[in-house]
Amino acid sequence: MRVVITGGGGMLGQKLARALAGSGGIGDRAIDTLALADVKKPPAVTAPFKVTCHKVDITDRSALDALFADGADVIFHLAAIVSGESETNFDLGMSVNLIGSINVFEAARRCGNCPIVVFTSSIAVYGGEIPAMIEDWTILNPQTSYGAEKAAAELLLTDYSRRGFLDGRGPRLPTISVRPGKANLAASSFMSSIFREPLQGQEAVCPVGPEYEHWYLSPRRCIENLIHAAELPGDAFGQNRCFALPGKTHAIGDMVDAMGRIAGEEPVKLIRWEPDAAIQKIVLGWRAYFNPAKALALGFVADESFEDNIRFFLEDDIEKPGASTA
Ligand SMILES: NC(=O)c1ccc[n+]([C@@H]2O[C@H](COP(=O)([O-])OP(=O)(O)OC[C@H]3O[C@@H](n4cnc5c(N)ncnc54)[C@H](O)[C@@H]3O)[C@@H](O)[C@H]2O)c1
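Residues numbered from 1 in each chain as written. Predicted model: local features only at pLDDT ≥ 70, side-chain atom pairs only at ≥ 80, totals over all residues.

Secondary structure summary: the protein chain contains 12 helices and 17 strands in total. On C-alpha atoms alone, the protein chain measures out to a radius of gyration of 19 Å, which is about the 20 Å that the 2.2 N^0.38 rule sets for 326 residues. Dimensions of the protein chain along its principal axes, counting C-alpha atoms only, are 55 × 45 × 40 Å. By the burial criterion, 49% of the 326 residues in the protein chain qualify as buried. Restricting the contact set of the protein chain to residue pairs at least 6 apart, pairs at least 24 apart contribute 76%. (Helix = DSSP H or I, 4+ residues; strand = E, 2+ residues; numbered from the N terminus. Rg over C-alpha atoms; globule rule 2.2 N^0.38 Å. Buried ≥ 20, exposed ≤ 12 C-beta atoms within 10 Å, placed from the backbone. Contact = placed C-beta atoms within 7 Å.)

Structural data, given as structure tokens:
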């Protein structure tokens with residue numbers, strides 16, 4: 001089986017590649033080749049199968065043709081411009097998140113074997129005049145360009161699936177926390193940095209108050225869910241291939257308390273609380289309450305508590321040598 005990951009150099013792309021390298025396959029199907037593609041050539045991963053790394057811009061259809069010259073059985077389409085940058089650079093967000101996604105779906109179609117396409121959508125597709133509790137049937141009403149681009153790509157993923165061009169699955173990811181690495185241009189970046197930086201002995205700024213609530217999933221559970229999305233039969237998803245992933249609603253203050261319980265009070269003291277109107281304008285429009293009934297029925301999973309998210313970061317991603325739990 002040939003697997004392709006777009007955005008294969010990104011945070012989730014690299015974690016997904018390492019998870020596939022660990023399992024050697026998806027479900028009962030062994031992987032022969034894994035192709036990692038990103039706008040910059042992605043780092044290789046060590047795997048029991050062949051791994052190839054490609055510099056591919058998904059806005060360039062001829063580059064995608066070359067990437068898919070050997071076909072694909074499973075495509076994880078993760079490449080995207082994140083929320084904050086899509087808001088400040090409308091043209092870039094549109095070209096990558098919408099036109100680029102169409103290019104990937106068309107490349108999948110040209111494979112001719114109805115490949116599985118797992119597309120990482122986002123809860124940013126929700127907002128505006130909708131009830132506080134999001135159900136599987138709640139209308140998409142994005143309040144950012146990023147959310148609108150993801151919503152438009154979702155509709156196409158379901159239609160391309162209906163036509164038999166590809167076999168799409170479009171999980172809407174909660175905000176992923178604790179995200180490793182460096183701060184990025186996502187408006188949600190602080191939802192990881194206020195834990196990641198203090199756990200690594202550095203200061204971090206929280207631009208919202210402790211009462212701010214949001215919907216979260218750890219990177220570890222997210223990757224398990226993306227692989228599960230590829231393992232299920234396409235029919236299991238029904239007529240709408242896109243659905244909210246399970247997550248947990250937490251207030252920032254409760255998450256900080258969870259960090260204190262796991263890692264002691266020192267990291268908590270490294271958070272500076274400084275309101276930022278520009279970030280609040282975006283994140284206060286996001287939703288915090290979800291009933292992901294379809295995903296739960298299909299076997300997708302959430303974390304037990306935010307202590308899990310902190311523990312997984314310490315186990316999987318901590319960069320500070322000798323970091324220890326309290
Ligand atoms: N991390 C989250 O909290 C979260 C939440 C909801 C949805 N998502 C979605 O999950 C996916 C992966 O997120 P992530 O956190 O790993 O983000 P990331 O920014 O780490 O990875 C995205 C990758 O896409 C690549 N990319 C950007 N433009 C490209 C182009 N033109 N051609 C090829 N590659 C390009 C980037 O270089 C980057 O490596 C994205 O689709 C994102 O929208 C993430």
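Our focus in this paragraph is the site of the ligand. Neighbouring residues of the ligand: 28 residues in total, closest Gly7, Gly10, Leu12, Ala79 and Ala80. Broken down by element, the shell around the ligand gets its largest block of residues, three residues, from helix H1 (residues 11-23). For the shell around the ligand, the class distribution of residues is 13 nonpolar, 12 polar and three charged. (Near = placed C-beta within 6 Å. Nonpolar A, V, L, I, M, F, W, Y, C, P; charged D, E, K, R; others polar.)

Time to look at the environment of Gln280. Along the chain, Gln280 turns up in helix H10 (residues 277-283). On the basis of neighbour count, Gln280 is assigned to the partly exposed category, with 15 C-beta atoms found within 10 Å. In contact with Gln280, other than residues within four places in its own chain, are Pro207, Val208 and Pro275.

Strand order in the open sheet made by the three strands is E11-E13-E15, with mixed pairing throughout. The open sheet has two free edges, formed respectively by strand E11 (175-176) and strand E15 (248-251), since each of these has just one partner strand. One ladder, built from four bridges, connects strand E13 (residues 213-217) with E15; its direction is antiparallel. Its bridge partner being in E15, Glu213 is matched across the sheet by Ala251. (Pairing = 2+ DSSP bridges.)

So, about helix H5 (residues 145-162). Taking 1.5 Å of rise per residue, 18 residues should cover 26 Å, and H5 covers 26 Å from first to last C-alpha, within 8% of that figure. Along H5, the residues classified as buried are Ser145, Tyr146, Gly147, Ala148, Glu149, Lys150, Ala151, Ala153, Glu154, Leu157, Tyr160 and Ser161. Of the surrounding secondary structure, the elements contacted by the buried residues of H5 are helix H3 (83-88), helix H4 (90-111), strand E7 (116-119), strand E8 (121-122), strand E10 (167-173) and strand E14 (242-244). Directly after H5, the chain includes Gly164, whose backbone phi takes a positive value near 80°. (Expected span 1.5 Å × (residues − 1).)

Right, let's talk about the environment of Ile123 for a bit. Position of Ile123 relative to the elements: it lies in the loop between E8 and strand E9 (133-134). Not counting the four nearest positions on each side in its chain, Ile123 is found in contact with Arg172, Pro174, Trp215, Ala244, Trp286 and Arg287.

Ranked by internal contacts, the top residues of the largest apolar core, which has 90 residues, are Ile5, Ile75 and Val117. Those residues within four positions of Ile5 in sequence are excluded, and the remaining contacts are Gly13, Leu16, Ala17, Leu36, Ala37, Phe76 and Leu78. (Core = buried A, V, L, I, M, F, W, Y, C linked by C-beta atoms within 7 Å.)

Our focus in this paragraph is the environment of Ser305. With respect to the helices and strands, Ser305 occurs in the loop between helix H11 (293-297) and helix H12 (306-316). On the basis of neighbour counts, which here come to 15 C-beta atoms within 10 Å, the residue Ser305 falls in the partly exposed class. Separated by 106 residues in the primary sequence, Ser305 and Leu199 have C-alpha atoms spaced 18 Å apart.

Let's shift gears to H1. Its 13 residues place the ends of H1 19 Å apart at the C-alpha level, agreeing with the 18 Å of an ideal helix rising 1.5 Å per residue. Those residues of H1 lying buried are Leu12, Gly13, Gln14, Lys15, Leu16, Ala17 and Leu20. Among the residues trailing H1, Gly24 stands out with phi positive, at a value near 80°.

A few words on the packing of helix H8 (residues 252-263) against H12. At a closest axis distance of 9 Å, the pairing of H8 and H12 adopts a crossing angle of 55°. The angle between the axes of H8 and H12 places the two elements in the oblique class. The hand of the H8/H12 crossing is right-handed. On H12, the residues touching Asp254, Met255, Ala258, Met259, Arg261, Ile262 and Ala263 of H8 are Phe306, Glu307, Ile310 and Arg311. (Axes fitted to C-alpha atoms, helices over the stretch in contact; angles between N-to-C directions. Parallel < 35°, antiparallel > 145°, perpendicular 65-115°, else oblique. Left-handed = near helix turned anticlockwise from the far one by under 90°.)

Before going further, it helps to spend a moment on the packing of H1 against helix H7 (residues 219-231). Where H1 meets H7, the closest approach of the two axes is 10 Å, and the angle between their N-to-C directions is 65°. When the axes of H1 and H7 are compared, the pair comes out roughly perpendicular. The interaxial crossing formed by H1 with H7 has right-handed handedness. In contact with Leu12, Lys15, Leu16 and Ala19 of H1, H7 contributes Pro219, Cys222, Ile223, Leu226 and Ile227. A per-class count over the contact of H1 with H7 returns eight nonpolar, no polar and one charged.

For the rest of this paragraph, the subject is the domain arrangement of the protein chain. Its domain assignment divides the protein chain into domain 1 (2-173 + 218-244) and domain 2 (190-215 + 248-316). Broken down by secondary-structure element, the contributors of at least two residues to the side of domain 1 that touches domain 2 are H3, E9, H7 and E14. Top contributing element to the side of domain 1 that touches domain 2 by residue count: H7, with six residues. Classifying every residue of the side of domain 1 that touches domain 2 by side-chain character gives 11 nonpolar, seven polar and six charged. (Domains from an automatic or database assignment.)

Of the consecutive residues Ser177 and Val178, the connecting peptide bond is found in the cis state with omega at 15°. With respect to the element layout, Val178 can be found in the loop between E11 and helix H6 (190-199). Positive phi, close to 50°, is recorded for Cys114, a residue that is not glycine. Within the secondary structure layout, Cys114 lies in the loop between H4 and E7.

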